[in-house]
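Here are the chains, one letter per residue:
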Amino acid sequence: MREIDWIRRYIAPLVDDEEADRLKDDAAMLTLNGTFALSTDMLVEGQHFLAGDPLETVGRKLVRVTVSDLIAKGALPSRAMVSIAWPKNRGEADFAALISGLGADLAYFGMALVGGDTVSTDGPLCLNLAGLGRAAGARLVRRRGARPGDQLLVSGVIGAAGLGLAALKSGMETVHAAHYRVPNLVPVSMAHWISDHASASLDVSDGLLLDAARLAEVSDVALEIDLNAVPLAEPSSRLEEVLVQCTAGDDYQMLMTVPEGCEAPGLTPIGRVSSGSGLSLCFNGRNIPLPSRLGFEHGD
Ligand SMILES: [Mg+2]
């Protein structure tokens, strides 16, 4: 890899900010006022995207996984730093495609690129994006903060990316495959609503049930989910099919608790917070046992 050439050709044009000084300095320099959320996410080839995925979509996914965390905290995306471990056997056209997707979505979500790092590797393609977001309202929202009596809301639909990954693995391009490659995020403006109303919030990255259980644990409350209320990519009356979608990863929808009576377009009530601990599930009016696997744990 002609590292300097490629950075100059593909990445430097994305940076026109004086904070980055056209990537010719050791560090970006920022003067900021306000409250900010800072989050970072890694994508590894073969683990978070498929080796055959078009790199333009990988670049877009890289932006979206971090933007999703920022919106969930009630923050508006603002700055980004990108780090790339580039496989020696991949060529310049792939690099150009990656940066084209990255640049398109940084612009779409209003993020200025202020720096990063690029190295060559004999291993798989590894990508990292760190994102800084400004509080959209008076406060940022933690996972911890759900209160008994709150209701649990989710955005969009659950399970599309999981169904898409399963389809791609069996060689089929379906409508869901596009959601696996490029997560369909809520509008950035939802950060305002989350900042104003949510008592606790996170993005669903590892499976609805696992992420809900995490929210309940750090908030020290009990959470009951009505599986019949969950908006699924493929609605089903069969518990097995419902659980497949509720334990699949990569949806990047918003999951939050809000005080009773708070409603917003695009959000569906799926459960309730009470005092106690742990996650419980209800299907067709009956409590059902938790599945042994709630989602993707590190190491899966
Ligand atoms: Mg997250």
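Our subject is the structure that appears above.
Throughout what follows, the structure given in this document is the object of discussion.

Cut-offs applied
Residues numbered from 1 in each chain as written. Predicted model: local features only at pLDDT ≥ 70, side-chain atom pairs only at ≥ 80, totals over all residues. Heavy atoms only, no water. Pairing = 2+ DSSP bridges. Helix = DSSP H or I, 4+ residues; strand = E, 2+ residues; numbered from the N terminus. Axes fitted to C-alpha atoms, helices over the stretch in contact; angles between N-to-C directions. Contact = heavy atoms within 4.5 Å. Donors = N, O, S within 2.8 Å, 3.2 Å for Na, K, Ca; no water. Buried < 20%, exposed > 50% of the residue type's maximum accessible area, 1.4 Å probe, protein only. Polar contact = N/O pair within 3.5 Å; in protein donor to acceptor, adjacent residues only side chain to side chain.

### As for the sheet that holds strand E9 (residues 267-274)
Backbone-to-backbone hydrogen bonds pair the strands of a sheet. The strands run either parallel or antiparallel.
Then, number 1: The sheet built from seven strands is open, its strands ordered E6-E8-E5-E9-E7-E10-E11 with mixed pairing. Across the chains shown, the open sheet's two edge strands, defined by having one partner strand only, are strand E6 (200-204) and strand E11 (286-288). Sheet twist, expressed as the average angle between the axes of neighbouring strands with direction ignored, equals 30 degrees.
Then, number 2: One ladder, built from four bridges, connects strand E5 (residues 151-155) with strand E8 (residues 253-258); its direction is antiparallel. Across the sheet, residue Leu152 finds its bridge partner in E8, namely Thr257.
Then, number 3: Packed onto the sheet, helix H6 (residues 190-197) meets E5, E6, E8 and E9 and runs at close to 25 degrees relative to E8.
Then, number 4: With respect to the sheet, helix H7 (residues 208-219) is in contact with E5, E6, strand E7 (222-226), E8, E9 and strand E10 (278-283), its orientation differing from that of E6 by roughly 155 degrees.

### A short note on the coordination of the magnesium ion
Then, number 1: Coordination of the magnesium ion by the protein is provided by Asp69 (OD) and Asp203 (OD), with metal-donor distances spanning 2.1 Å. With Asp69 in helix H2 (residues 55-72) and Asp203 in strand E6, the pair connects residues that are 134 residues apart, well separated along the chain. Each of the two residues, Asp69 as well as Asp203, counts as buried.

### Comments concerning the side chain of Thr257
Then, number 1: With respect to the secondary-structure elements, Thr257 resides in strand E8.
Then, number 2: Polar side-chain contacts of Thr257 include one of 2.7 Å to the side chain of Ser199.
Then, number 3: The contact partners of Thr257, leaving out residues within four places of it in the chain, are Ala146, Asp150, Gln151, Leu152, His197, Ala198, Ser199, Ala200, Leu215 and Val273.

### What about the pairing of E8?
Then, number 1: Among the six residues of E8, six are classified as buried, and the element is accordingly described as predominantly covered.
Then, number 2: The two faces of E8 match: Gln253, Leu255 and Thr257 on one face and Met254, Met256 and Val258 on the other face are all buried.
Then, number 3: The pairing of E6 with E8 spans five bridges and is antiparallel. For Ser201, the partnering residue across the bridge sits in E8 and is Met256.

Nothing here speaks to function; it is all geometry.
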